[in-house]
Amino acid sequence: AQTVTQSQPEMSVQEAETVTLSCTYDTSENNYYLFWYKQPPSRQMILVIRQEAYKQQNATENRFSVNFQKAAKSFSLKISDSQLGDTAMYFCAFIGNDMRFGAGTRLTVKP
Amino acid sequence: DTAVSQTPKYLVTQMGNDKSIKCEQNLGHDTMYWYKQDSKKFLKIMFSYNNKELIINETVPNRFSPKSPDKAHLNLHINSLELGDSAVYFCASSQDGGGGQGDTQYFGPGTRLTVL
């Protein structure tokens, strides 16, 4: 079974600083997709960023960017200029022949 | 004008009861999903339907039965509810999906089920 590992159960960062959330995965597939989802206290699941495995260029979405290392099977999320509203659970997700979510990282942005 | 909606938002019921959670998407997507999020926040896919046909059926008790009357709706019916069924259930949809095409999934607001 393919696994998705988020090794940081909890993290905190000061407002306006940068934080990186890690995600590693295990797969034998060559074509797949990776996602980061955010779940704020409201419980809604919100897409943060998406990466196609066949693309070498790292995806970027405003303050959010990823460091995708296909050979290392690593997909970390960098949040720049952290804002209080970024406080949430962040889930890494793998979609290939099946779908897997990581256990989540609880991020707290401190004022 | 909510893209993916679920009803009810909260559901409290007694053990042994049968209940349903409804999901509707107005995005014109072909694929819909049900996820279970347990108390430790772990998200696990349960089912996926593509154009009303079941394409993913993970190992879940057969007390759980998805029903898709049309491609905009995927309802989850649960028979003989047990304490361990208490969780938040998320519905999601994607344009195609088809079991792994990597389309972005849009999630509903979740339904918190509490079994007493």
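All figures in this text were calculated on a predicted structure; none of them were measured in a lab.

What counts and what doesn't
- Residues numbered from 1 in each chain as written.
- Chains lettered and ligands numbered in written order.
- Predicted model: local features only at pLDDT ≥ 70, side-chain atom pairs only at ≥ 80, totals over all residues.
- Heavy atoms only, no water.
- Helix = DSSP H or I, 4+ residues; strand = E, 2+ residues; numbered from the N terminus.
- Rg over C-alpha atoms; globule rule 2.2 N^0.38 Å.
- Buried < 20%, exposed > 50% of the residue type's maximum accessible area, 1.4 Å probe, protein only.
- Contact = heavy atoms within 4.5 Å.
- Areas by Shrake-Rupley, 256 points an atom, 1.4 Å probe, with all protein chains shown as cover.
- Lys, Arg positive; Asp, Glu negative; His and termini not counted.
- Charge placed at Lys NZ, Arg CZ, Asp CG, Glu CD.
- Pairing = 2+ DSSP bridges.
- Axes fitted to C-alpha atoms, helices over the stretch in contact; angles between N-to-C directions.
- Buried area = accessible area lost by both parts, 1.4 Å probe.
- Salt bridge = Lys/Arg side-chain N within 4 Å of Asp/Glu carboxyl O.
- Polar contact = N/O pair within 3.5 Å; in protein donor to acceptor, adjacent residues only side chain to side chain.
- Nonpolar A, V, L, I, M, F, W, Y, C, P; charged D, E, K, R; others polar.
- Disulfide = S-S within 2.5 Å.
- Core = buried A, V, L, I, M, F, W, Y, C linked by side-chain atoms within 4.5 Å.
- Phe/Tyr/Trp six-rings, centres within 6.5 Å; stacked < 30°, edge-to-face > 60°.

Q: Before we go on, may I ask you to explain the overall build of chain B in this structure?
A: Of regular secondary structure, chain B possesses zero helices and eleven strands. N-terminal to C-terminal, the α/β element order of chain B is β-β-β-β-β-β-β-β-β-β-β. Against the 2.2 N^0.38 benchmark of 13 Å for 116 residues, chain B shows a C-alpha radius of gyration of 13 Å, consistent with a compact globule. Taken along its principal axes, the extent of the C-alpha atoms in chain B is 35 × 30 × 30 Å. For chain B, the residues scored as buried account for 46% of the 116 residues in total. Summarising the internal contacts of chain B: among those between residues at least 6 apart in sequence, 56% fall at separations of at least 24. Here chain B displays about 5,500 Å² of accessible surface, and carbon together with sulfur accounts for 47% of that area. Mean positive and mean negative side-chain charge positions of chain B (12 and 12 charges, respectively) differ by 8 Å.

Q: I keep staring at the sheet that holds strand E1 (residues 4-7) of chain B and nothing clicks. Help me out?
A: Neighbouring strands of a sheet are bound in pairs by backbone hydrogen bonds; such pairs are parallel or else antiparallel. Residues and elements named next belong to chain B. Pairing is antiparallel in the open sheet, where four strands are placed in the order E1-E3-E8-E7. Across the chains shown, the open sheet's two edge strands, defined by having one partner strand only, are E1 and strand E7 (64-70). The mean inter-strand angle of the sheet, taken between neighbouring strand axes irrespective of direction, is 20°. In this sheet, strand E3 (residues 19-25) lies alongside E1 in antiparallel orientation, the contact comprising four bridges. The partner of valine 4 across the bridge, within E3, is glutamine 25.

Q: Which parts of the structure should I look at to understand the interface of chain A and chain B?
A: Quite often, the size of an interface is put as the accessible area lost when its parts meet. Facing 21 residues of chain A, the contacting portion of chain B comprises 27 residues. Interface area, chain A with chain B, both sides summed: about 1,900 Å², of which 55% is carbon and sulfur. Sorting the residues of chain A by area buried against chain B places Arg43, Met99 and Phe101 of chain A first, and these three jointly supply 39% of that buried surface. Scanning the region where chain A abuts chain B turns up zero salt bridges. The interface formed by chain A and chain B includes two residue pairs in polar contact (both at pLDDT 80 or more). Per element, the largest residue contribution to the side of chain A that touches chain B is four residues, and it comes from strand E5 (residues 33-39) of chain A. Residue composition of the side of chain A that touches chain B, grouped by class: eleven nonpolar, five polar and five charged.

Q: Can you help me understand the state of the cysteines in this one?
A: In a disulfide, the sulfur atoms of two cysteines are held together by a covalent bond. By the definition in use, this model includes two disulfides over all chains. In this model, cysteine 23 of chain A is linked to cysteine 92 of chain A through a disulfide, with the two sulfur atoms separated by 2.0 Å. Given an S-S torsion of about -70°, the disulfide between cysteine 23 of chain A and cysteine 92 of chain A has left-handed geometry. Of this pair, cysteine 23 of chain A sits in the loop between strand E3 (19-21) and strand E4 (24-25) while cysteine 92 of chain A sits in strand E10 (residues 88-95), placing them 69 residues apart in sequence. By the burial criterion, cysteine 23 of chain A is buried, and cysteine 92 of chain A matches it. Covalent S-S linkage joins cysteine 23 of chain B and cysteine 91 of chain B, the inter-sulfur distance amounting to 1.8 Å. Sign of the S-S torsion, about -75° for the bond between cysteine 23 of chain B and cysteine 91 of chain B, identifies this disulfide as left-handed. Placement of the pair is cysteine 23 of chain B in strand E3 and cysteine 91 of chain B in strand E9 (residues 87-94), with a sequence separation of 68 residues.

Q: Teacher, can you tell me more about the nonpolar core here?
A: Residues and elements named next belong to chain A. Counting residues in each nonpolar core, the largest one holds 25 residues, and the members touching the most others are Tyr25, Trp36, Phe75, Leu77 and Tyr90. Elements with a contribution of two residues or more to this core: E3, E5, strand E6 (46-52), strand E8 (64-69), strand E9 (74-79), E10 and strand E12 (105-110). It is E10 that contributes the most residues to this core, four residues altogether. The residues touching phenylalanine 75, leaving out its near neighbours within four places in the chain, are Leu21, Cys23, Tyr25, Leu34, Phe35, Trp36, Gln51, Val66, Asn67, Phe68 and Cys92.

Q: Looking at this model, I keep getting lost on the packing of aromatic side chains. Mind explaining?
A: In this description, an aromatic ring pair is defined by two values, namely the gap between the centres and the angle between the planes. Tallied over the entire structure, the rule returns 14 aromatic pairs over all chains. Look at tyrosine 37 of chain A and phenylalanine 107 of chain B: their rings are 5.1 Å apart centre to centre, the planes differ by 80°, and that puts the pair in the edge-to-face class. Of this pair, tyrosine 37 of chain A sits in strand E5 while phenylalanine 107 of chain B sits in strand E10 (residues 106-107), which puts the two residues in different chains. Take tyrosine 37 of chain A: its relative accessible area is 2%, and that puts it in the buried class. Pairing phenylalanine 68 of chain A with phenylalanine 75 of chain A gives two aromatic rings, centres 6.3 Å apart and planes at 80°, and the pair type is edge-to-face. Following the ring pairs from residue to residue traces out a cluster consisting of Phe35, Tyr37 and Phe101 of chain A together with Tyr33, Tyr35, Phe90 and Phe107 of chain B.

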